[in-house]
Each structure stands twice: as structure tokens, then as C-alpha cells.
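Commentary on secondary and tertiary structure
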Amino acid sequence: MIRVLIVDDQALFRGGIRMLVESQADMTCVGEAADGAQAVRLAQEQQPDVVLMDVRMPVLDGIGATARIVAAQPRSRVVVLTTFDLDEAAARAIRAGASGFILKDAEPELVLASIRTVHAGNEVIAASATRELFKAFGAQRRAAPLAFAELTDRERQIFGLAAKGLSNTEIARAEFVSEATVKTHISRILTKLGLRDRVQLVVFAYEHGLTGERA
């Protein structure tokens, strides 16, 4: 059972998402929060698997709430809810630790698929969209940490393709290897760099100027 926490300052929107979540046999809503501070408290109490997080809220916004939840509950995954694709606030929330973002007006099937995807931990929501988001708003570039030097040549190659937003299937096709091999490489890369998922890999690449693109 996937435990979901819904965070949004609009009660009607929260109610709609709750009905959608509760309609699924493999999901349950463990709470609703109208602001970021309440979300942090509920996340600590309920230990949700997935948090659907609005970014613009009173008391504490979704960016601050995301950072606190991810720090306190590493197993909880945060999905940002945003009203438009290129949202600087969403980019900041992802940098704070969110595992991806979806539009508030997304089809119900996409919302459910996103929850399951993040909960599974082996895929990424809109990796290519995340890349475009950071490309649009840029990121403060800084030197790559020593951990990056520990990647093998093959791992750096896979890292570069993943940083461009390519899926496991696309990487496997480009490199003439199996998807299982790609997953193994990605898992090792994330472990070596101390990253949560592939969205964080994209963020890491942009923050350290490792996308292969000019600033």
C-alpha cells in the first residue's frame, strides 16, 4: 500500500486528489496539509511514501517543506505540483530534494502513474522536463566534488546520457546494452554520488557544469 500525503492550500483541490488516491486499491491517503509547516508535522507523524507538494503556500512554502521532509524522512519521496512547465519555484523545490514535478491539471492517470513511479524508485518523473527546467533557469555552477572522479569511464558516459534526460531504454539503445545493465550503472552512479534518484542526477549535472553544454 502506497501511503500518500497531499499538500495544497486549496481544500477543493486536496479533496479531488484524495478521492483519486483512495479510489486505487494500492494507495491510501494518510493526511492532508494546507501549508508547508503542517506538511512537515504530518510527514513526521505519518511517514508517507509519497508527498504531493504544492510550491506556493502560506506559513511555509513547498520549497522549505520539501527540504525539511527529505532531510528528516529520507524514504519519503516528494512530487511537486506546479501550474506551468517552466516554474522557477518548482526548480528550487527539486534542488531542495523533490523527486520530480507534475502539472496540477495533469490527467488523473498521469498523477497516479507518477505516484507509483516515484514510490518504485526505479524511474524518474519527467527527467527530460526537469532538464529543460534547469536549462531555462540555470543553476549556480560549482566545481564537481571528488566523488565524481571516482566514477569509471563507463559510468561517466552513462551519467552524461542520463543528465541529458534519456530514459533507461534510450540509453540501452544508444549504448547497445541491456536495460538491466543501464539500471546497474545508474544505481552505482547514484550510490557513489550520494544522490536519491535520476532527477537529482540531472540537478547535480547542472549545478556542477557536467551537462556537456556551455553555460
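Our subject is the structure that appears above.
Position numbers for residues start from 1 in each chain and track the written sequence from start to end. The predicted origin of the model limits local features to residues at a pLDDT of at least 70 and limits the giving and counting of side-chain atom pairs to 80 or more, whereas totals for whole chains, interfaces and linings rest on all residues. Computation of side-chain values: all heavy atoms of the structure, hydrogens and water removed.

In this section: helix α9 (residues 168-175). Each residue is placed in one exposure class: buried if its accessible area under a 1.4 Å probe, protein chains only, is under 20% of its type's maximum, exposed if it is over 50%, and partly exposed if it falls in between. Helix numbering and strand numbering both begin at the N terminus, where a helix is a DSSP run of H or I of at least 4 residues and a strand a DSSP run of E of at least 2. Taken as a whole, α9 has its buried residues at Asn168, Ile171, Ala172 and Glu175. All buried residues of α9 lie within an arc of 100° about the axis, which places them on one face of the element. Tucked into the core, α9 has its buried residues touching α8 (153-163), α10 (179-193) and α11 (198-207). Picture the helix axis, draw a direction to every C-beta atom, and the arc is the one those directions span. Contacts are residue-level and defined by heavy atoms, with any inter-residue pair within 4.5 Å sufficient.

What makes a nonpolar core is a set of buried Ala, Val, Leu, Ile, Met, Phe, Trp, Tyr and Cys residues whose side-chain atoms join them at distances within 4.5 Å. By size, the foremost hydrophobic cluster in this structure holds 33 residues, and its most contacted members are Val7, Met53 and Ile94. Here valine 7 is in contact with Ala33, Asp35, Ala39, Val51, Leu52, Met53, Asp54, Met57 and Leu81, once residues within four sequence places are set aside. Ranked by size, the runner-up nonpolar core spans 19 residues in total, among them Phe13, Val79, Leu81 and Val118.

It is worth spelling out the sheet that holds strand β5 (residues 101-103) at this point. If you walk across this open sheet you meet the 5 strands as β2-β1-β3-β4-β5, and the pairing is parallel. Both outer strands of the open sheet, β2 (27-33) and β5, are each paired with one neighbouring strand and no more. Within the sheet, the average angular offset between the axes of one strand and its neighbour, ignoring direction, is 25°. In this structure, strand β1 (residues 2-7) lies alongside strand β3 (residues 50-54), joined through 4 bridges in parallel fashion. If you follow isoleucine 6 over to β3, its bridge partner there is leucine 52. Against the sheet, helix α3 (residues 62-72) touches β3 and β4 (77-82), its axis set at about 160° to β3. Being paired, for any two strands, means DSSP has found at least two bridges between them. Inter-axis angles, ranging from 0 to 180 degrees, are taken between N-to-C directions of lines fitted to C-alpha atoms, where helices are fitted over the stretch in contact.

Further remarks concern unusual backbone geometry. Even without glycine at this site, valine 59 takes up a positive phi of about 70°. Among the secondary structure elements, valine 59 is positioned in the loop between β3 and α3. With a relative accessible area of 71%, valine 59 lands in the exposed category.

The subject of this paragraph is the pairing of β4. Most of β4 sits inside the fold, with 6 of its 6 residues counted as buried. The two faces of β4 match: Arg77, Val79 and Leu81 on one face and Val78, Val80 and Thr82 on the other face are all buried. The sheet contact formed by β3 and β4 spans 5 bridges and is parallel. Paired with aspartate 54 across the two strands is leucine 81, which belongs to β4. As for the winding sense of the linkage, the β-α-β connection from β3 through α3 to β4 is right-handed. Two strands pair when backbone bridges link them, and β4 and β5 are joined in this way by 3 bridges, in the parallel orientation. When the bridges of β5 are listed, threonine 82 appears paired with leucine 103. A clockwise course of the path from the first strand over the helix to the second, judged with the strands pointing away from the viewer, identifies a crossover as right-handed.

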